[in-house]
Amino acid sequence: FVYRTIRQSLTDMEDMFGLLAVPLEVDDKDEARPLKLAHGEVAFEGVNFSYEERRSILHDVTFSVPSGKTVAIVGPSGAGKSTVVQILARFYDLSDGEMELGGQPAEDFTRHEWARAVSVVTQEPVLFSGTVAENIAYGGCGAWSRDDVERAARAANAHEFIRELPDGYDTVLGEGGDIQLSGGQRQRVAIARALLKDAPVLVLDEATSALDSQSEALVQEALARLQEGRAVVVVAHRLSTVVGADEVVVLEGGAVRERGAHAELVARGGLYASLVNAQHLVVSGM
Ligand code: ATP
């Protein structure tokens, strides 16, 4: 029964992510082959992309994010920010140009290897039907003990609320259960999952609306832990994020219009400065 439940959960995940081509079962060969990454740098080189023919969405987008650095992507609605996330998650292939990880083209990695190397945490994290522990362990791509899961949950500021659920880590979430987690709790489960997975690259789609201030603070603290030592690409909606980023990449109409540190871009008085002035970025409560 347990096996069937897990199997079904994985099937749900496949459906949700539309990744039916991806073998989610643990592939022994893949598992045994360590990721040969010289470094965790992720880069776009002259990336062009369209979802459908004749309507080009990204034009010649170039940026790179070394290990331990954060690049914030900002831009008006429709600029292509979410599209960059989808491409980093490898949900789509490029029309032209190159995406690289550790200096190697994305095509050199199987999708499974890519998923191990790149964690994606979105503002609406997908939890599948299964227990809390299974939801966290799914990110691990390996066999994880309850201790590992708990350690990740603690670092994600999730342990306290999980302990108070009716069956703790064995509480069933999703369709199988009637427990509804709050937005901030779901995000912390997703952060725990990413911490356990420990991928060198983190792609974050920051929440647009603020959670209640206590939950917000817990999420922000957990995110800060998750970002440590990784190459981070964050679609930024908060002023605190762009101020703290090593580089801000300003997209408009699918192209890079400006790039630089926050202060530099404000001083330039261009598109970024006008976005900041128009309070396009939320001042978070921290
Ligand atoms: P927002 O801040 O409003 O979320 P964004 O900067 O994330 O915007 P994208 O969602 O990347 O922008 O959209 C960029 C362009 O791509 C838009 O013109 C959008 O209509 C188009 N687009 C997005 N997703 C798809 C899709 N699945 N199929 C076709 N076109 C799409």
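All values derive from a computational prediction rather than experimental measurement.

A. Summary view of the overall build of the chain. A count of helical and extended segments in the chain gives 12 helices and 12 strands. Evaluated residue by residue, the chain yields a buried proportion of 47% over its 286 residues. Considering only intrachain contacts with a sequence separation of at least 6, the fraction spanning at least 24 residues in the chain is 71%. Counting only carbon and sulfur atoms, one obtains 49% of the accessible surface of the chain, whose full area is about 13800 Å².

B. Representation of helix 8 (residues 183-197) in the model. Taking 1.5 Å per residue as the helical rise, helix 8 with its 15 residues ought to reach 21 Å, and the 21 Å between its terminal C-alpha atoms agrees with that figure. Of all 15 residues in helix 8, 13 are buried; the element is thus mostly enclosed.

C. Region of the structure containing the pairing of strand 10 (residues 231-235). Here strand 10 lies mainly inside the structure; 5 of its 5 residues are buried. With burial as the criterion, each face of strand 10 is covered, one bearing Ala231, Val233 and Val235 and the other bearing Val232 and Val234. As defined by bridge partners, strand 3 (residues 70-74) adjoins strand 10 across 4 bridges and the pair is classed as parallel. Following the sheet pairing, Val71 is matched in strand 10 by Val233.

D. Examining the site of the ligand more closely. Taken together, 13 residues form the shell around the ligand, and within it Arg55, Ser77, Lys81, Ser82 and Thr83 come nearest. Between the ligand and Ser82, the relevant distance is 2.6 Å, taken from an oxygen atom to a side-chain nitrogen or oxygen of the residue. Taking 630 Å² as the accessible area of the ligand by itself, protein coverage stands at 62%. The class makeup of the residues in the shell around the ligand is 5 nonpolar, 5 polar and 3 charged.

E. The arrangement of the sheet that holds strand 2 (residues 58-65) in detail. Reading across from one edge, 2-1-4-5 is the order of the 4 strands in this open sheet, with antiparallel pairing throughout. Only two strands of the sheet have a single partner each, and these edge strands are strand 2 and strand 5 (104-105). Sheet contacts for helix 3 (residues 81-88): strand 1 (42-49), strand 2 and strand 4 (96-101); angle to strand 1, the most-contacted strand, approximately 115°.

F. Structural view of unusual backbone geometry. Phi is positive for Arg90, which is not a glycine, with a value near 60°. On the secondary structure map, Arg90 appears in the loop between helix 3 and strand 4. Residue Arg90 is classed as buried on the basis of its relative accessible area, which comes to 10%. The backbone of Asp198 sits at a positive phi, close to 55°, despite the residue not being glycine. Take Asp198: it is sitting in the loop between helix 8 and strand 9 (201-205).

G. How the structure looks around the pattern of salt bridges. Tallied over the full model, the rule gives 10 salt bridges. Residues Glu150 and Arg154 are paired through a salt bridge, measuring 3.6 Å at the closest nitrogen-oxygen approach. Of this pair, Glu150 and Arg154 both sit in helix 6 (residues 146-155), 4 residues apart, which is roughly one turn of the helix. In this structure Arg154 comes out as partly exposed when scored by relative accessible area, which is 47%. The salt bridge partner of Arg225 is Glu221, with a shortest N-O separation of 3.3 Å. You can see Arg225 and its partner Glu221 sitting in helix 9 (residues 213-227), 4 residues apart, about one turn around the helix. Note on Arg225: relative accessible area 34%, which makes it partly exposed.

H. The pairing of strand 12 (residues 255-260), seen in detail. With 5 bridges joining them, strand 11 (residues 247-252) and strand 12 adopt antiparallel strand pairing. From the neighbouring strand, Val248 faces strand 12, where its bridge partner is Gly260. The antiparallel hairpin formed by strand 11 and strand 12 contains 2 residues in its connecting segment, where Gly253 sits at a positive phi of about 55°.

I. Expanded view of helix 6. Among the residues of helix 6, those classed as buried are Asp148, Val149, Ala152 and Ala153. Looking straight down helix 6, one finds that the buried residues subtend no more than 135° of arc, so they occupy a single side. Exposed and oriented more than 90 degrees from the buried face of helix 6 are Asp147 and Arg151. The secondary structure elements touched by the buried residues of helix 6 are helix 5 (132-137), helix 7 (159-163) and helix 8. Within two residues after helix 6, Asn157 carries a phi angle of roughly 55°, on the positive side.

Rules used throughout
Residues numbered from 1 in each chain as written. Predicted model: local features only at pLDDT ≥ 70, side-chain atom pairs only at ≥ 80, totals over all residues. Heavy atoms only, no water. Helix = DSSP H or I, 4+ residues; strand = E, 2+ residues; numbered from the N terminus. Buried < 20%, exposed > 50% of the residue type's maximum accessible area, 1.4 Å probe, protein only. Contact = heavy atoms within 4.5 Å. Areas by Shrake-Rupley, 256 points an atom, 1.4 Å probe, with all protein chains shown as cover. Expected span 1.5 Å × (residues − 1). Pairing = 2+ DSSP bridges. Near = heavy atom within 4 Å. Polar contact = N/O pair within 3.5 Å; in protein donor to acceptor, adjacent residues only side chain to side chain. Nonpolar A, V, L, I, M, F, W, Y, C, P; charged D, E, K, R; others polar. Axes fitted to C-alpha atoms, helices over the stretch in contact; angles between N-to-C directions. Salt bridge = Lys/Arg side-chain N within 4 Å of Asp/Glu carboxyl O. Arc of directions from axis to C-beta.

Any functional reading would require information that these geometric values do not contain.
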